[in-house]
Amino acid sequence: MMSAAITTRPPTAPVPHAPAAGGTRRRSRLRPRLELAFLLTPALLLFIGFVLIPIGVAGYYSLYSWNGFGPLTDFVGLDNYVDAFSGDVFQGAIGHNLIIATLSVVVQLPLSIGLALLLNRKLRGRTFLRMVVFAPYVLSEAVTAVIWLLMLQPGGFIDEILRSIGLGSLVQLWLADQSLVLYTLFVVITWKYIGFGVILLLAGLQGVPPELREAAALDGATAWQTTRHVVLPLLGPTIRIWVFLSVIGSLQLFDLVWIMTLGGPANASSTMATYLVDHGFKRYEFGFGSAVAVILFIICFLFALLYQRFALRRDTQGALTGVR
């Protein structure tokens, strides 16, 4: 008769309970939000301190007739805004900004596209040509304004060049003629900023696959047809970004105009920004100048909002991501 074997089992340690799946999921969702908050907080504080608060302070000052000294006691409500919009000089300044913005899109854009397409080809000295085109953009607005102010003065470099090639009849008072000064400034603006547009479009051209050009050539398309139906549509997002930056820059134009003409002669080249500085700082009308600053901000903000809504929306729809 066999005896039953008695077996003993070692005591087993208690198995710890696994954490709830819901807690793990919550922590996995909380971590990227904390990281996002940690990274955004410094930039958000700077934005609030240097953008939102100054806008609010300017809006508050704009409700007073204040010369910048002493307490704010003379409350005028919206009178500063009414005076600004009813003034012929400010209406003319808005018109000048719109003219510069329109000329930038109509003239600078085709020139930038043409130069970008040319400099995108395999040319001898292409790197040097790109540097020459981009070099004016590196110069500060003050340096650019002083250089062109010296060249455009009566008897200056531009006048002597025209006389030396037999075109002395074209010599004008470039910065003193009320009907000519704004367009003279636009030439300087184009010389200064066209390099930025060319570099931006060259970057966009790098994203055009060469296979598409080759396929179009195999289908019998000419160089112009390839550019029009293949290259330019693919450059659409870059062109729309350039238009946005160009218009916003035209609305905020100040440095070149202020140094070269001070908005003259007879306010023929004034812009909203020069009008703001003239009244806010030179005439010590800080309340009125703050109202003009708020108007300029609202115009730029509305344009940016509408442009984003109707022009840039399709370009950014696939680029937006959310935190999950």
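Just so we're clear, the structure is a prediction, and the values are computed from it rather than from any experiment.

**Describing the overall build of the protein**
Line of reasoning, step 1. Of regular secondary structure, the protein possesses 14 helices and 0 strands.
Line of reasoning, step 2. Put simply, the protein runs from its N terminus to its C terminus through helices and strands in the order α-α-α-α-α-α-α-α-α-α-α-α-α-α.
Line of reasoning, step 3. Split into buried and exposed, the 324 residues of the protein put 33% on the buried side.

**Side note on the nonpolar core**
Grouped burial of nonpolar side chains is what soluble globular proteins tend to show.
Line of reasoning, step 1. Residues Phe90, Val198, Leu205, Ile239, Val243 and Val292 are the most contacted members of the largest nonpolar core, which totals 41 residues.
Line of reasoning, step 2. Every element with two or more residues in this core is listed here: helix 2 (79–86), helix 3 (88–119), helix 7 (181–205), helix 10 (236–251), helix 12 (272–282) and helix 13 (286–310).
Line of reasoning, step 3. Broken down by element, the residue count for this core peaks at 8 residues, all from helix 13.
Line of reasoning, step 4. Excluding anything up to four places from it in sequence, Ile239 contacts Leu109, Ile113, Leu201 and Leu232.
Line of reasoning, step 5. Core analysis: the second largest hydrophobic core is formed by 19 residues, Ala145, Met151, Leu162 and Trp174 among them.

**Quick word on helix 3**
Line of reasoning, step 1. For helix 3, with 32 residues, the first-to-last C-alpha span of 44 Å sits near the 46 Å given by 1.5 Å per residue.
Line of reasoning, step 2. Roughly 35° is the biggest bend found in helix 3, and it falls at Gln108, with proline Pro110 one to four residues downstream.

**What to know about the confidence of the model for the protein**
Line of reasoning, step 1. Confidence in the prediction of the protein, expressed as mean pLDDT, is 87, and 89% of residues score 70 or more.
Line of reasoning, step 2. In this model residues 1–7 is a low-confidence stretch, pLDDT under 50, and it forms 0 contacts with partners more than four residues away in sequence or in other chains.
Line of reasoning, step 3. Here residues 320–324 is a poorly scored stretch, pLDDT under 50, and it has 5 contacts once near neighbours within four places are set aside; other chains count.

**As for the packing of aromatic side chains**
Line of reasoning, step 1. Evaluation of the coordinates by the stated rule reveals 20 aromatic pairs.
Line of reasoning, step 2. Taken together, a centroid distance of 6.1 Å and an interplanar angle of 10° make the contact between Phe244 and Phe303 stacked. One end of the pair, Phe244, is in helix 10; the other, Phe303, is in helix 13, and 59 residues separate them in sequence.
Line of reasoning, step 3. Looking at Phe303, the relative accessible area reads 23%, which means it is partly exposed.
Line of reasoning, step 4. Taking 5.6 Å as the distance between ring centres and 75° as the angle between the ring planes, the aromatic pair formed by Phe281 and Phe286 counts as edge-to-face.
Line of reasoning, step 5. Residue class for Phe286 comes out partly exposed when judged on its relative accessible area of 23%.
Line of reasoning, step 6. Here the guanidinium or amino end of Lys192 rests over the ring plane of Tyr193, the centre of that ring lying 4.8 Å away.
Line of reasoning, step 7. We note Arg309 situated over the ring of Phe310; from NZ or CZ to the ring centre the distance is 5.3 Å.

**Details of unusual backbone geometry**
Phi is mostly negative for residues that are not glycine, and the peptide bonds are mostly trans.
Line of reasoning, step 1. Here the amide bond leading from Gly264 into Pro265 is cis, since omega sits at 0°, within 30 degrees of zero.
Line of reasoning, step 2. Within the fold, Pro265 resides in the loop between helix 11 (255–260) and helix 12.

**Some remarks on the environment of Ala135**
Line of reasoning, step 1. The residue Ala135 is located in helix 4 (residues 126–138) in this model.
Line of reasoning, step 2. A relative accessible area of 36% means that Ala135 is categorised as partly exposed.
Line of reasoning, step 3. Sequence spacing of Ala135 and Gly195 is 60 residues, and the spatial spacing of their C-alpha atoms is 7.2 Å.

**Some details on a nonpolar patch on the surface**
Line of reasoning, step 1. A surface patch of nonpolar side chains, amounting to about 810 Å² of accessible area, comprises Leu44, Leu46, Phe47, Ile48, Phe50, Val51, Leu52, Ile53 and Val57.
Line of reasoning, step 2. Mapped onto the elements, Leu44 comes out in helix 1 (residues 21–61).
Line of reasoning, step 3. The class of Leu44 is partly exposed, set by a relative accessible area of 48%.

**Overview of the pattern of salt bridges**
Line of reasoning, step 1. Considering all chains together, one arrives at 3 salt bridges under this definition.
Line of reasoning, step 2. Here Arg283 and Asp278 are joined by a salt bridge, their closest N and O atoms 3.1 Å apart.
Line of reasoning, step 3. Of the residues examined, Arg283 reaches a relative accessible area of 47% and is grouped as partly exposed.

**Regarding the environment of Gly204**
Line of reasoning, step 1. In this fold, Gly204 is placed in helix 7.
Line of reasoning, step 2. Residue Gly204 is classed as buried on the basis of its relative accessible area of 14%.
Line of reasoning, step 3. Residues contacting Gly204, with those up to four places away along its chain left out, are Leu235 and Thr238.

**Structural notes on the packing of helix 10 against helix 13**
Line of reasoning, step 1. With their axes 10 Å apart at the nearest point, helix 10 and helix 13 run at an angle of 170° to one another. Classified by the angle their axes make, helix 10 and helix 13 are roughly antiparallel. Residues Arg240, Val243, Phe244, Val247, Ile248 and Leu251 of helix 10 lie in contact with helix 13, whose contacting residues are Leu296, Ile299, Cys300, Phe303, Ala304 and Tyr307.
Line of reasoning, step 2. Here the residues of the contact of helix 10 with helix 13 sort into 11 nonpolar, no polar and 1 charged.

**Things to note about the side chain of Thr184**
Line of reasoning, step 1. With respect to the helices, strands and loops of the structure, Thr184 is situated in helix 7.
Line of reasoning, step 2. Of the residues examined, Thr184 reaches a relative accessible area of 8% and is grouped as buried.
Line of reasoning, step 3. Sequence-distant contacts of Thr184, defined by excluding residues within four places in its chain, comprise Leu152, Trp174 and Leu175.

**Here we look at helix 13**
Line of reasoning, step 1. For helix 13, which comprises 25 residues, the first-to-last C-alpha distance of 36 Å matches the rise-based estimate of 36 Å (1.5 Å per residue) to within 8%.
Line of reasoning, step 2. Among all positions of helix 13, only Gly287, Phe288, Gly289, Ser290, Ala291, Val292, Val294, Ile295, Leu296, Cys300 and Tyr307 are buried.

Reading the values: rules and limits
- Residues numbered from 1 in each chain as written.
- Predicted model: local features only at pLDDT ≥ 70, side-chain atom pairs only at ≥ 80, totals over all residues.
- Heavy atoms only, no water.
- Helix = DSSP H or I, 4+ residues; strand = E, 2+ residues; numbered from the N terminus.
- Buried < 20%, exposed > 50% of the residue type's maximum accessible area, 1.4 Å probe, protein only.
- Core = buried A, V, L, I, M, F, W, Y, C linked by side-chain atoms within 4.5 Å.
- Contact = heavy atoms within 4.5 Å.
- Expected span 1.5 Å × (residues − 1).
- Bend = angle between axes of the 7 residues up to and from the residue.
- pLDDT = per-residue confidence, 0-100.
- Phe/Tyr/Trp six-rings, centres within 6.5 Å; stacked < 30°, edge-to-face > 60°.
- Lys NZ or Arg CZ within 6 Å of the ring centre and 35° of its normal.
- Patch = residues over 30% accessible without salt bridge, like charges linked within 9 Å, V, L, I, M, F, W, Y side chains within 5 Å.
- Areas by Shrake-Rupley, 256 points an atom, 1.4 Å probe, with all protein chains shown as cover.
- Salt bridge = Lys/Arg side-chain N within 4 Å of Asp/Glu carboxyl O.
- Axes fitted to C-alpha atoms, helices over the stretch in contact; angles between N-to-C directions.
- Parallel < 35°, antiparallel > 145°, perpendicular 65-115°, else oblique.
- Nonpolar A, V, L, I, M, F, W, Y, C, P; charged D, E, K, R; others polar.

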